[in-house]
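# Descriptive analysis of the structure
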Amino acid sequence: MVAYLAPISLRQQLPIPSANVLIALLFCAAVIAGGLAFFFYWMSTRRKQVAAVDSAEPVQQGNPVEHATPAQPALWDTLVQVSGDVANASSLGAAIPHILQGILHVTDVDSVRTVIFNPRGGPPLIQVAGDASSDIAALDRPVLLLTRHENESQLNSADVVRERLKIAAETAVPVSFVATFALKSAGRLLGVIWLGGRNAQELSAEQLAVTRSLTNQAAVLVANARLYAEAEQSVRRLHAVLASTAEPVAVIDQTNRFYLVNPAMAAAFGIDAAAVKSRQVGDVIDDPALRRILTDAIDKVNGCEISAEKEQIFTAGVSPIATADGLVGRIVVFHDITRIKLIDALKSDFVSNVSHDLRNPLVYMRAYVNMLDKAGPLNEKQTEFADFIDKGIDRMHGLITALLDLSRIESGIDIERSDVDIVDLLAETAETHAVTAELAGNSLAVSVSQPDIHVVGDIWQLRMALDNLVNNALKFAAGSGQITLSATTSADEVIIGVTDQGQGIAPEDIDHLFDKFYRAARPTTPVASGSGLGLAIVKSVAERHGGRVWCKSEPERGSTFYVALPKTRHVAASTPNTRGQLAVN
């Protein structure tokens, strides 16, 4: 006998947390349903038998020529005993013999056999109770072919057996009785349990009822074993794929426990993959940045950058894992952007150096343009040309200033952290831009969720970020009405927003708005002059403060740009001797 499913343990831990519970519930439900069905059937039959005795008329069951026999309590006892033995079995291979022995005892046939298909295409699982002779075993294939067309059948003579199983005339028929019961799940044929007897007979209604209950239990066991085998095979394939993936990958369940850590993840962050499995992230990860990415809200950490060992820099791609039952965890994929960051740093250094070199020539150009009229009177055309040159110098000066500001912010130098009152900062920004907004056909308003909102940060950088957001709104939503500067708080963040009522931003552009020099070129996005660095500066300021930026927009309904900064307690203002240090009261 070949038992391809025998190693599958009904109590073995499943890779999917809820699978064991599901299998146990299905099995228990099948056992209870089978027992109750037989009990109510037996009670109904018993009542009919009593009525038949009282009226002196026989009660017919099944075949018209078969008269009811007194109920057999031993059949009920057998069903209960087999159900208990099956519940205590540790595997499919250990449970099936109890069912076969129970059917053998109930029906008093010579042989009971089960043939279960191998889902991998190999030899089937064949188990036998009673006569296991080879001549009876030769009928396994013909019985399977019959079962494909009939869920249940009884063949009550050698001639009927030969005809229905298509046994050749020259071949002896080893049995004179065959009963077949298909094992099915969701309409899918999983195998067959069949009974063979040397002598012709016919199963009574009670025998059929018990046998059906036992075969139903077998069908549930086989279906669950197949589901487990398929799930286990899928998990093994997933593990193999992730193990060969060059990018670090971690799978976290809904309770913030490690489910899977691939070798690349273990190497990049110095994690012992075997030691952390099924353990809480907070118990085994010391790096607060990595712990935050693995456990915080997905919308807050998706796209965050993190430094790892060997001076690598990764960006985190976080996606939820959802099933029909809801969210069951998350998968985190870390993309190595070390080379990109290196190139970006080299580019920033180059731009910074060039900007410094360009500043001096611009000073000379502006000085000489302003002194042209000192050398003699200019005609109208010459004055016009001089004005164009002067405006060009202004634009170049603005671009160079923005580049130098961005370079200084990205370098992390000259940062002076202190307690910043966000409400006062919003009011100051609105007052500063009030005249410009009025000339552009807009008005500025401030809306805060509470009167006392503070963060720890560099006031100069935060003011620059707000100025850029307001200038961006005035530039792209000029004449659209009110622009609102808002501040709200969450459990761990202060969220600053600048909302306009302009034409909105096309969805294709939203993901690139904070890239350096990016200029949207969509039909729904108005075009305005500028360096393309304003929003890049906003992003750099937020990142230097441990925060994040994003934008929400709908075409024709306006846009809101957000800056989220970590919420902190009030801190003492920094002094020149404590620059870059945080003093918490």
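The structure contained in this document is the topic of the report that follows. (Residues numbered from 1 in each chain as written. Predicted model: local features only at pLDDT ≥ 70, side-chain atom pairs only at ≥ 80, totals over all residues. Heavy atoms only, no water.)

## Comments concerning the nonpolar core
Soluble globular proteins tend to bury their nonpolar side chains together. Convention followed: Here, nonpolar core refers to any group of buried Ala, Val, Leu, Ile, Met, Phe, Trp, Tyr and Cys residues whose side-chain atoms link them within 4.5 Å. Buried residues are those whose accessible area, probed at 1.4 Å on protein chains only, stays under 20% of the maximum for their type, while exposed residues exceed 50% and partly exposed ones sit between those limits. Helix numbering and strand numbering both begin at the N terminus, where a helix is a DSSP run of H or I of at least 4 residues and a strand a DSSP run of E of at least 2.
Counting residues in hydrophobic clusters, the biggest one holds 41 residues, and the most contacted among them are Ile422 and Phe561. When residues of this core are assigned to their parent elements, the largest contribution, eight residues, is made by helix H17 (residues 459–476). Membership of the second largest hydrophobic core comes to 35 residues, among which are Ala89, Leu92, Leu125 and Leu190.

## Some thoughts on the pairing of strand E7 (residues 258–261)
On any regular strand, side chains alternate: one points to one face of the sheet, the next to the other face. Quick note on the threshold: Strands qualify as paired when DSSP identifies two bridges or more between them.
Relative to E7, strand E6 (residues 249–253) runs antiparallel, the two being bridged by three bridges. Bridge pairing in E7 links alanine 250 to valine 261.

## Observations concerning the sheet that holds strand E9 (residues 313–323)
Our working definition: To obtain an axis, a line is fitted to C-alpha atoms, over the contacting stretch when the element is a helix, and the angle between two such axes runs from 0 to 180 degrees between their N-to-C directions. Any two residues having at least one pair of non-hydrogen atoms within 4.5 Å are treated as being in contact.
Overall, antiparallel pairing links the five strands, which are arranged E7-E6-E10-E9-E8 in an open sheet. A single partner strand is all that each edge strand has here, and the edge strands are E7 and strand E8 (305–307). With direction set aside, neighbouring strand axes in the sheet form an average angle of 25°. Across the sheet, helix H11 (residues 288–295) lies against E6, E7, E8, E9 and strand E10 (326–336), angled at about 135° from E10, the strand it touches most.

## Concerning the environment of proline 451
Along the chain, the position of proline 451 falls in the loop between strand E12 (442–448) and strand E13 (454–458). Between the C-alpha atom of proline 451 and that of aspartate 424, which follows or precedes it by 27 residues, the distance is 9.4 Å.

## Considering the sheet that holds strand E2 (residues 125–130)
Taking strand neighbours across the sheet as the criterion, the five strands line up as E2-E1-E5-E4-E3 in an open arrangement whose pairing is antiparallel. Of all strands in the sheet, those with a lone pairing partner are E2 and strand E3 (152–155), marking the two edges. Going across the sheet, the axis of each strand differs from the next one's by a mean of 15°, ignoring polarity. Examined bridge by bridge, strand E1 (residues 111–116) and E2 share six bridges and lie antiparallel to one another.

## Looking at unusual backbone geometry
Residues other than glycine seldom take positive phi values, yet asparagine 256 does so here, at roughly 60°. Along the polypeptide, asparagine 256 turns up in the loop between E6 and E7. A positive phi angle, close to 70°, is found at serine 278, a residue other than glycine.

## With respect to helix H19 (residues 534–544)
Within H19, the full set of buried residues consists of Leu535, Ala536, Ile537, Val538, Ser540, Val541 and Ala542. Positive phi shows up at glycine 546, right after H19, with a value of about 75°.

## Considerations on the packing of H17 against H19
Threshold: The hand of a helix crossing depends on one turn: near helix anticlockwise from the far one by less than a right angle means left-handed, and clockwise means right-handed.
Remark: H17 packs on H19, axes separated minimally by 9 Å, with the N-to-C direction vectors making an angle of 145°. Crossing of H17 over H19 shows left-handed handedness. Between H17, through Gln461, Leu462, Met464, Ala465, Asn468, Leu469 and Asn472, and H19, the contact on the second element is made entirely by Gly534, Leu535, Ile537, Val538, Val541 and Arg544.

## Observations regarding the environment of alanine 182
With respect to the secondary-structure elements, alanine 182 resides in strand E4 (residues 177–185). Under the relative-accessibility criterion, alanine 182 is labelled buried at 18%. A sequence separation of 35 residues divides alanine 182 from threonine 147, and the C-alpha atoms of the two residues are 6.1 Å apart. Excluding its chain neighbours within four sequence positions, the residues that come into contact with alanine 182 are Thr147, Asn151, Leu189 and Gly191.

## Section: the pattern of salt bridges
Note the cut-off: The working definition used for a salt bridge is a side-chain nitrogen of Lys or Arg within 4 Å of a carboxyl oxygen of Asp or Glu.
Counted under the stated rule, the structure contains 14 salt bridges. Here glutamate 150 makes a salt bridge to arginine 164, at a shortest N to O gap of 2.1 Å. Pair noted here: glutamate 150 is in the loop between helix H5 (140–147) and E3 and arginine 164 is in helix H6 (residues 158–165), with a separation of 14 residues, a long-range link. On the accessibility criterion, glutamate 150 (26% relative accessible area) is partly exposed. Residue classification places arginine 164 among the partly exposed residues on the basis of a relative accessible area of 29%. Note that glutamate 384 and lysine 381 form a salt bridge whose closest N and O atoms lie 3.6 Å from each other. With glutamate 384 and lysine 381 both in helix H14 (residues 380–411) and three residues apart, this pair spans about one turn of that helix. The partly exposed category is assigned to lysine 381, whose relative accessible area is 48%. Here the residues in one salt-bridge network are Asp131, Asp135 and Arg198, joined through shared partners.

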